[in-house]
Amino acid sequence: MAAETALQPSSRVVSGLILGVVGLFLAVATGIQTGAVDLSWQQVWAVFTGDSTEHVHRVVFDIRLPRTLVGLLIGVHFALSGWLLQLLSRNPLAEPGILGISAGASLVAVIAFIVGDWVFSSGNPYNNASPALDYLSLFAMTGGLVAAVAVYFLGLSSGRLSPLKMTLTGAVIAGMLHALTTGTLAFWGHAHTELVAQWLAGSLYGAKWNHLSSLLPWTIIGLAGVGLLLRPLKVMQLDDEHVQTLGLPLNRWRAFALLIATLMAASAVGVAGPVGFIGLLIPHISRKLAGPGLSAQLLLCVVLGALLTVGADVVGRTLFSPYEVPVGVVSAILGVPFFLYLLSRQS
Amino acid sequence: MIQTENLSLAYGATPVVNNVSLAIPEGAITCLLGPNGSGKSTLLKSFAGLLPARSGRVLLDGQPVNEWDRQRLALRLAMLPQKPIVPDGILVKDLVTLGRFPHRKWWQKNQAEDNRIAHDSMAMTGVAELADRPVEALSGGQQQRVWIAMALAQETSILLLDEPTTFLDWGYQLEVLELLAKLNREHGLTVVMSLHDLNQAAQFADHIAIMAKGELKAKGNPSDVITESLIQRVFRVETKVTAAADGRPFCSGYAAALKAPETAIT
């Protein structure tokens, strides 16, 4: 019986990973093939072998491929950020949205967008020449970091991190930042309100190669950071004082984990807006499938986060085509029932 | 060895331990006794360098404990908190292996030696056959033995335990105490723990320190410290102290001594 319980999680991890990777591959392929203009698989294949019409080439390379890849990275970012935050705060509800990180990132990004637009496009709302757009991720990261640091320090209770206090503080700060974002938009949004509102719902609309290149460095930094954190995180699941008596400088590692989680979430917000639920759902699903092994959880988070986001985006832009349902909305609608199913099966 | 000099500790503005000077003998079992809120746990935490001293100091091998590098300290001294957190779903062997953490750099993986030592620790505490079970599924006594195995895997010569018997039934309490006595006897482990049961302390301790209201009221071997008058003053309990078969003191005939308020001690 002992051997059976030891084997079970790892075989589940392997099958979960294989299914996830296959699913991800199919979702990416479908993401490239379907859309406002449906392409045949031959046409898609022709793009990669180099003999296709310029029109098809442009649809695939300039629009669908970057969008799909950005979606993939966004999913990885939010899933890993949520996973880190849940471990770090010992709170299953933690995720960048609830802790105010996404809201901080959104507020600063919206302000940067509006100010940049006001400075650079001199009254023409349809001229999106503002350089602020290219650096939106950096602005978002600044906002996310400020919010994260505030929530972290306000969540301390006599020098120790209190999960309850941190979550409450995060929820309150997130609420306040949301209100400020909405207010900013209502007063100064003008012609951009619709565009920004779509972004705030979490959308991959108009994702381009430059978005991908502004995300990718943070994906690499984030993955490297998570790799460094893997062993300390195992110990950090214990009681604070217990961790310290095992020789781990807790505050330093906690700050580092929070930094990585924030950079990943906020850089993703800068590109696709505050996509909700992925950061909450994927870590839970990964934990349920993987069991207590952190490396297995991590791998599943990466694959399933990418799968859910790419899949949700494909569904969102084909279901009511030519209208688009933002990826944040679809991922919540797809992910929540599965999550509830896993929860109900547990108890 | 651990030694405190005129140590005072506080949580924020609240003083908790006041002017305690105490030396913990090496290779012995020391019990900290005292009513709830007397400062036992706080004192233990200060031994592990977890609380800065308000005044006075805690010395470990002659050096102030908060000047020790955390990792080096973790090789000298292990601590088991009163209610340790069990990581979700963790297996016994994985939890015990966490005790090896200070022996490796943070980027290093566990090596064969770590797994062997973790296995030996589980064998010593009698949980080797539970290695592949989730910790949450074990009984309180088994869990406590797993935690002790984790502390042993840390391979320190000093083990601090904060009320290791409080949440256990009588049988498990004795089992844990006998295990600690065996580790002390066979491996020379220095054990420092806080307890509530005077007779258990009298039976297992070589050295007892009694705290009340943050002050050290008595220290010494069990027969010198456990006396009827001291128990009445500190615990407000009337008792009869006799000698047990092994010559150690034994308390019986408890009755709350309501007429002796604690203010009388000061």
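Above this text is the structure in question.
Visitor: Teacher, can you tell me more about the overall build of chain A here?
Guide: Across its full length, chain A carries 13 helices and two strands. Over its C-alpha atoms chain A spans a radius of gyration of 21 Å, differing by no more than 12% from the 20 Å that the globule rule assigns to 347 residues. By principal-axis analysis of the C-alpha atoms, chain A measures approximately 65 × 50 × 35 Å. Each of the 347 residues in chain A was classed as buried or not, and the buried ones make up 49%.

Visitor: Looking at this model, I keep getting lost on the overall build of chain B. Mind explaining?
Guide: When helices and strands are counted, chain B shows nine helices and twelve strands. Against the compact-globule benchmark of 18 Å for 266 residues, chain B has a radius of gyration of 19 Å, which places it among compact chains. Over its C-alpha atoms, taken along the principal directions, chain B stretches across nearly 60 × 40 × 30 Å. Counting only residues that meet the buried cut, chain B has 42% of its 266 residues in that class. Taking the intrachain contacts of chain B between residues at least 6 apart in sequence as the baseline, contacts between residues at least 24 apart amount to 63%.

Visitor: When you look at the sheet that holds strand S2 (residues 14–23) of chain B in this model, what are you seeing that I'm missing?
Guide: Within a sheet, adjacent strands bond to each other through the backbone by hydrogen bonds, running parallel or antiparallel. Residue and element names in this part refer to chain B. Taking strand neighbours across the sheet as the criterion, the four strands line up as S2-S1-S4-S5 in an open arrangement whose pairing is antiparallel. The open sheet terminates on both sides in strands that have one partner only, identified here as S2 and strand S5 (63–64). As paired strands, strand S1 (residues 2–11) and S2 are joined by six bridges and run antiparallel to one another. Within the sheet, the bridge partner assigned to Tyr11 lies in S2 and is Thr14.

Visitor: Explain the sheet that holds strand S10 (residues 215–220) of chain B to me, please; I cannot follow it from the model alone.
Guide: Residue and element names in this part refer to chain B. The strand order across the open sheet built from six strands is S6-S7-S8-S3-S9-S10, with neighbouring strands paired in mixed fashion. For this open sheet the edge positions go to strand S6 (77–80) and S10, each flanked by a neighbour on one side alone. Along the sheet, successive strands turn relative to each other by an average axial angle of 15°, direction set aside. Here S6 pairs with strand S7 (residues 158–161) via four bridges, running parallel. Within S7, the residue paired with Leu77 across the bridge is Ile158.

Visitor: Help me out: how do you make sense of the interface of chain A and chain B in this one?
Guide: Where the parts come together, the accessible area they lose is often given as the size of the interface. Chain A puts 22 residues into the contact, and the matching count from chain B is 25 residues. Residue assignment for the side of chain A that touches chain B shows that the elements contributing at least two residues are helix H1 (2–33), helix H8 (209–236) and helix H9 (240–245) of chain A. Tallying contributions element by element places H8 of chain A first for the side of chain A that touches chain B, with five residues. Tallied by class, the residues present in the side of chain A that touches chain B amount to ten nonpolar, eight polar and four charged.

Visitor: Quick question: what am I supposed to make of the environment of Trp107 of chain B here?
Guide: For Trp107 of chain B, the position within the fold is in the loop between helix H3 (92–98) and helix H4 (112–124). For Trp107 of chain B, a count of 10 C-beta atoms within 10 Å corresponds to the exposed category. Apart from the residues lying within four places of it in its own chain, the contact partners of Trp107 of chain B are Leu228 and Arg231 of chain A.

Visitor: Please clarify how the packing of helix H3 (residues 54–89) of chain A against helix H12 (residues 294–318) of chain A should be interpreted in this entry.
Guide: In helix packing, the relevant descriptors are the interaxial angle and the interaxial distance, both defined with respect to the helix axes. Residue and element names in this part refer to chain A. Axis separation between H3 and H12 bottoms out at 7 Å; the angle between their running directions is 135°. By the angle class used here, H3 and H12 are oblique. H3 and H12 meet at a crossing whose hand is right-handed. Residues Thr68, Gly71, Leu72, Ile74, Gly75, Val76, Phe78, Ala79, Leu80 and Trp83 of H3 form the contact with H12, whose own contacting residues are Gln297, Cys301, Val302, Leu304, Gly305, Ala306, Leu308, Thr309, Val310 and Asp313.

Visitor: Help me out: how do you make sense of the pairing of S7 of chain B in this one?
Guide: Note on strand geometry: in a regular strand, side chains alternate between the two faces of the sheet. All names here are of chain B. Of the two faces of S7, the one carrying Ile158 and Leu160 and the one carrying Leu159 and Leu161 are both buried. For S7 and strand S8 (residues 190–194), the ladder comprises four bridges, and the chain directions are parallel. Its bridge partner being in S8, Leu159 is matched across the sheet by Val191. Handedness of the crossover is the feature at issue here: the chain leaves S7, passes through helix H6 (residues 170–187), returns alongside S8, and the resulting connection is right-handed.

Visitor: How do you make sense of unusual backbone geometry when you look at a structure like this?
Guide: Note: most peptide bonds trans; most residues except glycine with negative phi. A positive phi angle, close to 70°, is found at Phe277 of chain A, a residue other than glycine. Tracing the sequence through the fold places Phe277 of chain A in the loop between helix H10 (250–272) and helix H11 (278–290).

Visitor: What exactly am I supposed to notice about the nonpolar core here?
Guide: Most often, soluble globular proteins have nonpolar side chains that are buried together. With 176 residues, the main nonpolar core has Ala79, Leu84 and Ala109 of chain A together with Leu160 of chain B as its most contacted residues. Per-element tally for this core: the top contributor is H3 of chain A, with 16 residues. Apart from residues no more than four positions distant in its own chain, Ala79 of chain A is found in contact with Ile278, Gly279, Ile282, Pro283, Cys301, Val302, Leu304 and Gly305 of chain A.

Reading the values: the criteria
Residues numbered from 1 in each chain as written. Chains lettered and ligands numbered in written order. Predicted model: local features only at pLDDT ≥ 70, side-chain atom pairs only at ≥ 80, totals over all residues. Helix = DSSP H or I, 4+ residues; strand = E, 2+ residues; numbered from the N terminus. Rg over C-alpha atoms; globule rule 2.2 N^0.38 Å. Buried ≥ 20, exposed ≤ 12 C-beta atoms within 10 Å, placed from the backbone. Contact = placed C-beta atoms within 7 Å. Pairing = 2+ DSSP bridges. Axes fitted to C-alpha atoms, helices over the stretch in contact; angles between N-to-C directions. Nonpolar A, V, L, I, M, F, W, Y, C, P; charged D, E, K, R; others polar. Parallel < 35°, antiparallel > 145°, perpendicular 65-115°, else oblique. Left-handed = near helix turned anticlockwise from the far one by under 90°. Right-handed = clockwise from strand over helix to strand, strands pointing away. Core = buried A, V, L, I, M, F, W, Y, C linked by C-beta atoms within 7 Å.

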